[in-house]
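Next come the chains, spelled out residue by residue.
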Amino acid sequence: MLCKRIIPCLDVKNGRVVKGVKFRNLIDAGNPVDIAKKYNELGADEIVFLDITASNENRNIILDVVRKTASVVFIPLTVGGGIRTIQDISNILQAGADKVAINSSAIYNPKIITEGAIKFGNQCIVCAIDAKWNGLYYEVYSHGGTTKTGLNALSWAKEVEKLGAGEILLTSMDKDGTKDGFELSLTKQITESVNIPVIASGGAGSMKDFLDVFKYANADAALAASLFHFEMIHIKDLKQYLNNNNIPVRLV
Amino acid sequence: MIAIIDYGLGNLHSVYNAFNYLGYETIITNDENIILNADKVVLPGVGAFPDAMKTILKNKLDIVIKKIINKKTPLLGICLGMQLLFEQSEEHEICNGLGILKGKIVAMKDLYQDGHLLKIPHIGWNLLEINKNKTILKDLKDPYVYFVHSYYLETNEDIVSSYINYGKKIAVSVEKDNIYATQFHPEKSGEIGLKILRNFGEL
């Protein structure tokens, strides 16, 4: 039986892992290679690097981080943040990543998904969707959650599947940083309307939150950042807990 | 030395990185002499079956691979590299494979578990049910391994070394004489995957 995946996300800025709440009050949290290695040993099923480097000239640093990580960590690596062109995708995959997560570019230039999927296989194109309830529907935001797009997350999810995305990384902006659980209703609606895997993100605060998103929203994977960074939950304990609650997980 | 056959597709570096990490001298190459003189050969693969076959035939790597097998050099096929060893695949179009092993590669579809339609590609970690554990799958505890694929092997031959359950029982690794092959990615399967690669390296 296919396991549900637990994915720690590392925010990387200028080649260093940073911790903060909603990208504010960032503090240096160490070397991404070491941290990825530690998560791998604890039983993480994949690692996501989110590159939040602001300036363009420093963007190549992430490639070096990926190269170094891929030579010592042997689980899938996904890289997101600032990917705009097929060449960007190619560079990241060549450095040793297995997948790229594309967010804003997918919205403003949807053919990057199709072209990327044709060129590199749909398994390596993850479409990241940031969504927020606007009173009528879950609306998609771009540019790190700063810009409304008017798109309905549900129809956008179906659209990216059609375009060739191999996975969806779904972040609830309403829940992100709150620690009061994943957005079950949004996640459930999306998992029920697409036939590609959905990674739920935003809001994890307890082990039960993970159980709920797998059990009630049928997510294929769950992602969290600060919860693991600040060691509020250990991945190993989380997987044992999920296993005890009959969720299939990979135990290491 | 371990030679990883470069046929111009996909990311070969993760396989290279893994063997390198384990301390094996490893080279990515399409040079016939280097491949024929290697102690072990790996046929990796990410990409589509017809494109891969075209490149292999164009570079006459099919002849090299058959020579390797006749020489009894251990060969490891990974993912598409496993599928290519069989007679035929239906990925995009019916396409002949190398035909070294008997069986065909078919599309995953209409797989259900507990009433749920299962997702395709089959992406993620699944537990191996090991059928032959004397060679590369020996000494594995809780063998969860990483998969990314939309096509799978159907064979009637007694060559299957492990299965998974994904809506039904699916063969995910084979071995015959000096040929070993896995549908999953040992180079992305953490400690278990490294152990499988080390088992191959030590054959």
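Residues numbered from 1 in each chain as written. Chains lettered and ligands numbered in written order. Predicted model: local features only at pLDDT ≥ 70, side-chain atom pairs only at ≥ 80, totals over all residues.

Let's talk about the overall build of chain B
Line of reasoning, step 1. Counting secondary structure elements, chain B contains six helices and 16 strands.
Line of reasoning, step 2. Computed over its C-alpha atoms, the radius of gyration of chain B comes to 16 Å, within 12% of the 17 Å expected for a compact globule of 203 residues.
Line of reasoning, step 3. Seen through its principal axes, chain B has C-alpha atoms that stretch 55 × 40 × 30 Å.
Line of reasoning, step 4. With 203 residues in all, chain B has 52% of them scored as buried.
Line of reasoning, step 5. Partitioning the contacts of chain B with sequence separation of at least 6, the portion at a separation of at least 24 is 68%. (Helix = DSSP H or I, 4+ residues; strand = E, 2+ residues; numbered from the N terminus. Rg over C-alpha atoms; globule rule 2.2 N^0.38 Å. Buried ≥ 20, exposed ≤ 12 C-beta atoms within 10 Å, placed from the backbone. Contact = placed C-beta atoms within 7 Å.)

A look at the overall build of chain A
Line of reasoning, step 1. Broken down by element type, chain A carries 10 helices and 12 strands.
Line of reasoning, step 2. Scaling as 2.2 N^0.38, a compact globule of 252 residues should have a C-alpha radius of gyration of about 18 Å, and chain A matches this with 17 Å.
Line of reasoning, step 3. In terms of overall dimensions, chain A has a C-alpha envelope of 45 × 45 × 40 Å along the principal axes.
Line of reasoning, step 4. Out of the 252 residues belonging to chain A, those deemed buried represent 51%.

Let's talk about the nonpolar core
Residue and element names in this part refer to chain A.
Line of reasoning, step 1. Of all hydrophobic cores here, the largest spans 151 residues; its most connected members are Phe49, Val100, Cys127, Ile168, Ile199 and Ala222.
Line of reasoning, step 2. For this core, the element with the highest residue contribution is strand E7 (residues 125–133), accounting for six residues.
Line of reasoning, step 3. Residues in contact with Ile168, not counting those within four places in the same chain, are Cys127, Ile129, Ala157, Val160, Ile190, Val194, Ile196, Val198 and Ile199. (Core = buried A, V, L, I, M, F, W, Y, C linked by C-beta atoms within 7 Å.)

Brief notes about the pairing of strand E4 (residues 75–78) of chain B
Residue and element names in this part refer to chain B.
Line of reasoning, step 1. The two faces of E4 match: Leu75 and Gly77 on one face and Leu76 and Ile78 on the other face are all buried.
Line of reasoning, step 2. In the sheet, strand E3 (residues 40–43) pairs with E4 via three bridges, with the strands oriented parallel. Across the sheet, residue Val41 finds its bridge partner in E4, namely Leu75.
Line of reasoning, step 3. Two strands pair when backbone bridges link them, and E4 and strand E16 (residues 179–182) are joined in this way by four bridges, in the parallel orientation. Bridged to Leu76 within E16 is Tyr180. (Pairing = 2+ DSSP bridges.)

Here's the deal with the confidence of the model for chain B
Line of reasoning, step 1. Summing up the model confidence of chain B, the mean pLDDT is 94 and the portion of residues at 70 or higher is 99%.
Line of reasoning, step 2. Predicted as a complex, the structure gets a pTM of 0.93 and an ipTM equal to 0.91. (pLDDT = per-residue confidence, 0-100.)

Observations regarding unusual backbone geometry
Line of reasoning, step 1. The amide bond that connects Ile120(B) to the next residue, Pro121(B), takes the cis arrangement and shows omega of 5°.
Line of reasoning, step 2. With respect to the helices and strands, Pro121(B) occurs in the loop between strand E9 (116–117) and strand E10 (122–127).
Line of reasoning, step 3. Its identity is not glycine, yet Glu231(A) carries a phi of approximately 55°, on the positive side.
Line of reasoning, step 4. Note that Glu231(A) resides in the loop between helix H9 (226–229) and helix H10 (235–244).
Line of reasoning, step 5. Despite not being glycine, Lys60(B) has its phi angle at roughly 55°, a positive value.
Line of reasoning, step 6. Along the chain, the position of Lys60(B) falls in the loop between helix H3 (49–58) and helix H4 (61–70).

Focus: the environment of Ile6(A)
Residue and element names in this part refer to chain A.
Line of reasoning, step 1. The topology assignment puts Ile6 in strand E1 (residues 5–13).
Line of reasoning, step 2. Spatially, the C-alpha atom of Ile6 lies 11 Å from that of Met207, the residues being 201 residues apart in sequence.
Line of reasoning, step 3. When near neighbours in sequence (up to four residues on either side) are disregarded, Ile6 contacts Ala44, Asp45, Ala222, Ile235, Leu238 and Lys239.

Quick look at helix H2 (residues 61–70) of chain A
Line of reasoning, step 1. Those residues of H2(A) that sit buried are Ile62(A), Val65(A), Val66(A), Thr69(A) and Ala70(A). For H2(A), the angular spread of buried residues about the axis comes to 120°, placing them on one side.
Line of reasoning, step 2. The inward-facing, buried residues of H2(A) abut E1, helix H1 (32–42), strand E4 (47–51), strand E5 (77–80) and helix H3 (86–94) of chain A together with helix H1 (13–21) of chain B. (Arc of directions from axis to C-beta.)

With respect to the pairing of strand E6 (residues 99–102) of chain A
Residues and elements named next belong to chain A.
Line of reasoning, step 1. A two-sided burial pattern is seen for E6, the buried positions comprising Lys99 and Ala101 on one face and Val100 and Ile102 on the other.
Line of reasoning, step 2. Here E5 pairs with E6 via three bridges, running parallel. When the bridges of E6 are listed, Val79 appears paired with Val100.
Line of reasoning, step 3. Examined bridge by bridge, E6 and E7 share three bridges and lie parallel to one another.

Let's talk about helix H5 (residues 111–120) of chain A
Residues and elements named next belong to chain A.
Line of reasoning, step 1. Looking at H5, one finds that the buried residues are Ile112, Ile113, Gly116 and Phe120. Looking down the long axis of H5, one finds its buried residues gathered within 100° of arc, a one-sided arrangement.
Line of reasoning, step 2. Residues of H5 that are buried in the fold lie against H3, E6, helix H4 (104–108), E7 and helix H6 (153–163).
Line of reasoning, step 3. Just downstream of H5, Gly121 is the residue with a positive phi angle, here 95°.

Some thoughts on the environment of Val66(A)
Residue and element names in this part refer to chain A.
Line of reasoning, step 1. Here Val66 lies in helix H2.
Line of reasoning, step 2. Between the C-alpha atom of Val66 and that of Phe49, which follows or precedes it by 17 residues, the distance is 8.5 Å.
Line of reasoning, step 3. Excluding residues within four positions of it along the chain, Val66 makes contact with Phe49, Leu77, Val79, Ile92, Ala95, Gly96 and Ala97.

Quick notes on the packing of H3(A) against H5(A)
Residue and element names in this part refer to chain A.
Line of reasoning, step 1. Packing of H3 against H5 brings their axes to within 10 Å, and their N-to-C directions diverge by 40°. Classified by the interaxial angle, the pair formed by H3 and H5 is oblique. Note that H3 runs across H5; the crossing there is right-handed. Each of Ile86, Ile89 and Leu93 in H3 lies in contact with H5, whose residues at this interface are Ile112, Glu115, Gly116, Lys119 and Phe120.
Line of reasoning, step 2. Residues that form the contact of H3 with H5 fall into these classes: five nonpolar, one polar and two charged. (Axes fitted to C-alpha atoms, helices over the stretch in contact; angles between N-to-C directions. Parallel < 35°, antiparallel > 145°, perpendicular 65-115°, else oblique. Left-handed = near helix turned anticlockwise from the far one by under 90°. Nonpolar A, V, L, I, M, F, W, Y, C, P; charged D, E, K, R; others polar.)

Remarks on the packing of H6(A) against helix H7 (residues 184–193) of chain A
Residue and element names in this part refer to chain A.
Line of reasoning, step 1. Where H6 meets H7, the axes come as close as 10 Å, and the angle between the chain directions of the two elements is 35°. The interaxial crossing formed by H6 with H7 has right-handed handedness. Of the residues in H7, those touching H6 at Ala153, Leu154, Ala157 and Lys158 are Leu186, Gln189, Ile190 and Ser193.
Line of reasoning, step 2. Considered class by class, the residues forming the contact of H6 with H7 number five nonpolar, two polar and one charged.

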